[in-house]
Amino acid sequence: MADDASAYGNAPLTRMFEYNAWANGRIIDACRALADAQLDLPGSATFGSIRSTLLHVVYAQYSFLARLDGRAQDPRSVSPVWPGFDVLGGVATETSAALLTAAAALVEDTDVVLAYMGKTYRYPTSFFLTHALAHGVEHRTQIGMMLAQLGIEAPSLDGWEFAGFAGLGKEV
C-alpha cells in the first residue's frame, strides 16, 4: 500500500482516505465475533449500540458521496436495515474506495452547491472530505469504547498502526 497513494493526483489526501478504508475494515472485523446481545447493547455517550453505530459510520459514507455531487442525501444512508457483516464490509469497501477516488481527484478545491431545506449553500469540496474523515474517526472511536466496556480489546486504529500496515516509515 505504501506506493498506492502516489498513483493518484492528490497523494497526501489519498493517503488519509486509505487510512479511512483500513480503519473501517479493522473495526468491522473486530465486531464480527460479537453476539447479537453485545452488538445491541446501548452505549453511553455514543451514537447508540455497536450495531447502529457500525451501520451509521458505513452507510453515512453514501451521503458524503452524494454531497460531493451536490445532493443533500443518498437514500441508501437513511435508516438502513442490518445487512450482516459481509454486506456491511462490502458497502464499507465500496464507499471508502469512492471517497478515496474523490480525494485523489481533488487537485483544486472546487465548490459544491447544495440545496437543503429550501435554501442553497456553497461549500468547498474539501469540507465534505474533511467531514467524512472526522465522522469516521469519531464513530470508530465510540465503537472502540463500547468494546472496551464489554471487556473486549478494541483494535488499534492509531496512525502508527496504519503506518506499519501501509509500509510507511523506513529506517534511514
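Rules and cut-offs
- Residues numbered from 1 in each chain as written.
- Predicted model: local features only at pLDDT ≥ 70, side-chain atom pairs only at ≥ 80, totals over all residues.
- Heavy atoms only, no water.
- Helix = DSSP H or I, 4+ residues; strand = E, 2+ residues; numbered from the N terminus.
- Contact = heavy atoms within 4.5 Å.
- Salt bridge = Lys/Arg side-chain N within 4 Å of Asp/Glu carboxyl O.
- Buried < 20%, exposed > 50% of the residue type's maximum accessible area, 1.4 Å probe, protein only.
- Arc of directions from axis to C-beta.
- Phe/Tyr/Trp six-rings, centres within 6.5 Å; stacked < 30°, edge-to-face > 60°.
- Pairing = 2+ DSSP bridges.

Things to note about the environment of phenylalanine 85
Consideration 1: Among the structural elements, phenylalanine 85 can be located in helix α4 (residues 85-105).
Consideration 2: Not counting chain neighbours up to four residues away, the residues in contact with phenylalanine 85 comprise Ile28, Cys31, Arg32, Leu39 and Leu54.

Concerning the pattern of salt bridges
Consideration 1: Applying the stated criterion across every chain yields a total of seven salt bridges.
Consideration 2: Two residues, arginine 51 and aspartate 36, come together in a salt bridge whose shortest N-O distance is 3.1 Å. Linking arginine 51 in helix α3 (residues 50-68) with aspartate 36 in helix α2 (residues 36-40), this pair joins segments that are 15 residues apart in sequence.
Consideration 3: Residue classification places arginine 51 among the buried positions, given a relative accessible area of 11%.
Consideration 4: Judged by relative accessible area, which is 52%, aspartate 36 ranks as exposed.
Consideration 5: Salt bridges here are not isolated pairs; linked through shared partners, they connect Asp29, Arg32 and Asp86.

A few points about helix α6 (residues 159-166)
An α-helix turns once per 3.6 residues; consequently, residues spaced three or four apart project the same way.
Consideration 1: Looking only at α6, the buried set comprises Phe162, Ala163 and Ala166. Buried residues of α6, seen end-on, are gathered within an arc of 105° and therefore sit on one face of the element. For α6, exposure combined with an orientation more than 90 degrees from the buried face picks out Trp160 and Gly164.

Some details on the packing of aromatic side chains
Consideration 1: Within the structure shown, the criterion is met by 11 aromatic pairs.
Consideration 2: Plain terms: the ring middles of tyrosine 123 and phenylalanine 127 are 5.2 Å apart, the flat faces sit at 20° to each other, and that makes the pair stacked.
Consideration 3: Overall, phenylalanine 127 belongs to the partly exposed group, its relative accessible area being 35%.
Consideration 4: Here the aromatic rings of phenylalanine 162 and phenylalanine 165 are separated by 6.4 Å at their centres, their planes lie at 35°, and the arrangement is tilted. Of this pair, phenylalanine 162 and phenylalanine 165 both sit in helix α6, three residues apart, roughly one helical turn.
Consideration 5: When its relative accessible area of 47% is taken as the criterion, phenylalanine 165 is described as partly exposed.
Consideration 6: A connected cluster of aromatic rings, assembled from ring pairs, spans Tyr19, Trp22, Phe162 and Phe165.

A closer look at the pairing of strand β2 (residues 119-124)
Consideration 1: Counting buried residues along β2, only zero of its six residues qualify, which leaves the element largely exposed.
Consideration 2: The pairing of strand β1 (residues 111-116) with β2 spans six bridges and is classified as antiparallel. Note that in β2 the partner of tyrosine 116 across the bridge is lysine 119.
Consideration 3: Two successive antiparallel strands, β1 and β2, enclose a turn made up of two residues, where methionine 117 displays a positive phi of approximately 50°.

Details of the environment of glycine 118
Consideration 1: With respect to the helices, strands and loops of the structure, glycine 118 is situated in the loop between β1 and β2.
Consideration 2: For glycine 118, a relative accessible area of 84% corresponds to the exposed category.
Consideration 3: Distance in space between the C-alpha atoms of glycine 118 and serine 96 is 30 Å, their sequence separation being 22 residues.

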